[in-house]
Amino acid sequence: MTLQSGHIRAALFDLDDTLLDRGTAFEATFREFYDTQPDINSTTEWGEAIDFFWSLSPHGAIDAQDAALRITARWPSVPLEPAVFEEWFFSTLGQQARPIDGAMEFVKSLNEAQFPWAVVTNGKKSQVIKLQHSGYIDVVPFAIVSRLFGADKPDPRIYHEAIRRLKLSYKGIDDIQVSEILFVGDNPYTDITGAIGVGMKTAWVRVTERYPEDVPAPDMEIRSVVELRGLLGVG
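Quick summary incoming for the structure in this document. (Residues numbered from 1 in each chain as written. Predicted model: local features only at pLDDT ≥ 70, side-chain atom pairs only at ≥ 80, totals over all residues. Heavy atoms only, no water.)

1. A few points about the side chain of Ser-57
Moving on, step 1. Relative to the helices and strands, Ser-57 is located in the loop between helix H3 (46–55) and helix H4 (64–74).
Moving on, step 2. Of the residues examined, Ser-57 reaches a relative accessible area of 8% and is grouped as buried.
Moving on, step 3. In this structure, Ser-57 is in contact with Arg-22, Phe-26 and Ile-62, ignoring residues within four places of it in sequence. (Helix = DSSP H or I, 4+ residues; strand = E, 2+ residues; numbered from the N terminus. Buried < 20%, exposed > 50% of the residue type's maximum accessible area, 1.4 Å probe, protein only. Contact = heavy atoms within 4.5 Å.)

2. Side note on the sheet that holds strand E1 (residues 10–13)
Within a sheet, each strand pairs with its neighbour through backbone hydrogen bonds, oriented either parallel or antiparallel.
Moving on, step 1. The six strands lie next to each other as E3-E2-E1-E4-E5-E6, forming an open sheet whose pairing is parallel. The outermost strands of the open sheet, each flanked by one partner alone, are strand E3 (143–145) and strand E6 (220–222). Pairs of neighbouring strands in the sheet enclose a mean axial angle of 20°, with direction left out of account.
Moving on, step 2. Against the sheet, helix H9 (residues 156–169) touches E1, strand E2 (117–121), E3 and strand E4 (181–185), its axis set at about 160° to E3.
Moving on, step 3. Running over the sheet, helix H10 (residues 188–198) touches E4 and strand E5 (201–205) and is turned about 165° from E5. (Pairing = 2+ DSSP bridges. Axes fitted to C-alpha atoms, helices over the stretch in contact; angles between N-to-C directions.)

3. Topic: the nonpolar core
Moving on, step 1. Phe-13, Leu-19, Leu-182, Leu-228 and Leu-232 are the most contacted members of the largest nonpolar core, which totals 50 residues.
Moving on, step 2. Mapped by element, the contributors of at least two residues to this core are E1, helix H6 (103–112), E2, H9, E4, H10, E5 and E6.
Moving on, step 3. Discounting chain neighbours no more than four positions away, the residues touching Leu-19 are Phe-13, Asp-14, Arg-98, Pro-99, Ile-100, Ala-103, Val-107, Trp-117, Val-119, Tyr-136 and Val-225.
Moving on, step 4. With 23 residues, the next largest nonpolar core counts Tyr-34, Ile-62, Trp-75 and Val-78 among its residues. (Core = buried A, V, L, I, M, F, W, Y, C linked by side-chain atoms within 4.5 Å.)

4. Some points on the packing of H4 against helix H5 (residues 82–95)
Two measures define how a pair of helices packs: the angle their axes make with one another and the distance between the axes.
Moving on, step 1. For the pair H4 and H5, the least separation of the axes is 8 Å and the interaxial angle reads 115°. Seen from above, H4 lies across H5 with right-handed handedness. Note on element contacts: H5 touches H4 through Pro-82, Ala-83, Phe-85, Glu-86, Phe-89 and Phe-90, opposite Ala-64, Gln-65, Ala-67, Ala-68, Leu-69 and Ile-71.
Moving on, step 2. Its residues assigned to classes, the contact of H4 with H5 comprises 10 nonpolar, one polar and one charged. (Left-handed = near helix turned anticlockwise from the far one by under 90°. Nonpolar A, V, L, I, M, F, W, Y, C, P; charged D, E, K, R; others polar.)

5. Quick word on the pairing of E1
Moving on, step 1. What you see with E1 is no split at all: Ala-10 and Leu-12 on one side and Ala-11 and Phe-13 on the other are buried throughout.
Moving on, step 2. As paired elements, E1 and E2 share three bridges and run parallel to each other. Looking across to E2, one finds that Ala-11 is bridged to Trp-117.

The structure is reproduced here in structure tokens:
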């Protein structure tokens, strides 16, 4: 850890694999798909199928329409209409959303301490569904969903908008410096790179054993957001 308590005055969090257990939701969604596709489940064991489904989601993201085409290429007897599959997939994934262990209690403690925080996530309306089904919608001060806003991380505009809303949402931080804001996320290529680009401090949620060498390094690495309690003064 290279950051010290008291040096961070606000925090922004990614959603999937940061506050939400994306892995469990992803596997539950594809399990439902697998169970309803006899041309897949009668020819392919679940373990082999889920390994393939995970290969459709590099770097913690998935292009569902492309995934539909790749599924049909793997199992030609399962024709999928990409747009229809995309709508089903993200709707089902959203309904499966659950908080990571301890994360809900952690953000509630931020609220109790009146510590400024919010969510900044890439995605579409399905991210709002995740917030609703996970219960975060009732506790997050505000959430910026990239496709509803008009720019995806690592575009600096979404970070600047988050800073603007932080200042509107919390009294007494009008003078906050960008370097006093911590961005917490699991994706080095969007979360960490984008936040560093605008001057924020960063915490990478370690979802792989090694941080990639082709992007800027975060200020710290953590296994779970609950490790930030001391840093953010809610320990």
